[in-house]
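Structural overview for review
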Amino acid sequence: QVPLVASNRIGKETVETEHGNSTIKFYGNSFIAGPTGEIVKLANDKDEEVLVAEFDLDEIKSTRHGWGIFRDRRPDLYRVLLTLDGKTSSSS
């Protein structure tokens, strides 16, 4: 329900270790996803890029309310997440 920014490095980096040089390849493809998961901007795997996107925050808020995420949540059912076995309280 919110935009997501994922940044990934590109290129190769060589590090000297006690066992010799170690080369790491970074695959890039940084991206910005919209509030429903759609890719809005995508960088390639070869060039350094700065990605920028604009979002209508009022539209995102309206969509979030329409989906009922907070309206329909059931916090009374979350207590089981605080247990180790799904039954016994982990604090006992």
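As the structure is a computational prediction, the values presented were derived from the model and not from experiment.

1. Things to note about the sheet that holds strand β4 (residues 31-33)
- Taken in spatial order, the three strands of this open sheet run β1-β4-β5, and their pairing is antiparallel. For this open sheet the edge positions go to β1 (4-6) and β5 (39-42), each flanked by a neighbour on one side alone. Going across the sheet, the axis of each strand differs from the next one's by a mean of 15 degrees, ignoring polarity.
- Note that β1 and β4 share three bridges and pair antiparallel. Residue pairing across strands places A6 opposite F31, the latter belonging to β4.

2. Section: the packing of aromatic side chains
- Within this structure, the stated rule accounts for zero aromatic pairs.
- In this arrangement the basic side chain of R9 is found over the ring face of F26, its NZ or CZ atom lying 4.0 Å from the centre.

3. Side note on the UniProt feature "domain: CN hydrolase" (unreviewed entry) in the chain
- In the numbering used here, UniProt assigns the feature "domain: CN hydrolase" (unreviewed entry) to residues 1-57.
- Helix and strand shares over residues 1-57 are 2% and 46% respectively, and the end C-alpha atoms of the span are 11 Å apart.

4. Re the pattern of salt bridges
- Using the criterion set out here, one finds four salt bridges in the structure.
- Among the ionic pairs, E13 bridges to R9, the shortest N-O distance being 2.2 Å.
- Look at E13 and you get partly exposed, because its relative accessible area is 31%.
- Looking at R9, the relative accessible area reads 48%, which means it is partly exposed.

5. Examining a nonpolar patch on the surface
- Taken together, the side chains of L77, Y78, V80 and L81 define a hydrophobic patch exposed on the protein surface, amounting to about 400 Å² of accessible area.
- Checked against the element boundaries, L81 lands in the segment after α1 (57-67).

The rules behind these values
- Residues numbered from 1 in each chain as written.
- Predicted model: local features only at pLDDT ≥ 70, side-chain atom pairs only at ≥ 80, totals over all residues.
- Heavy atoms only, no water.
- Pairing = 2+ DSSP bridges.
- Helix = DSSP H or I, 4+ residues; strand = E, 2+ residues; numbered from the N terminus.
- Axes fitted to C-alpha atoms, helices over the stretch in contact; angles between N-to-C directions.
- Phe/Tyr/Trp six-rings, centres within 6.5 Å; stacked < 30°, edge-to-face > 60°.
- Lys NZ or Arg CZ within 6 Å of the ring centre and 35° of its normal.
- UniProt positions renumbered as here; feature names shortened; annotations may be inferred.
- Salt bridge = Lys/Arg side-chain N within 4 Å of Asp/Glu carboxyl O.
- Buried < 20%, exposed > 50% of the residue type's maximum accessible area, 1.4 Å probe, protein only.
- Patch = residues over 30% accessible without salt bridge, like charges linked within 9 Å, V, L, I, M, F, W, Y side chains within 5 Å.
- Areas by Shrake-Rupley, 256 points an atom, 1.4 Å probe, with all protein chains shown as cover.

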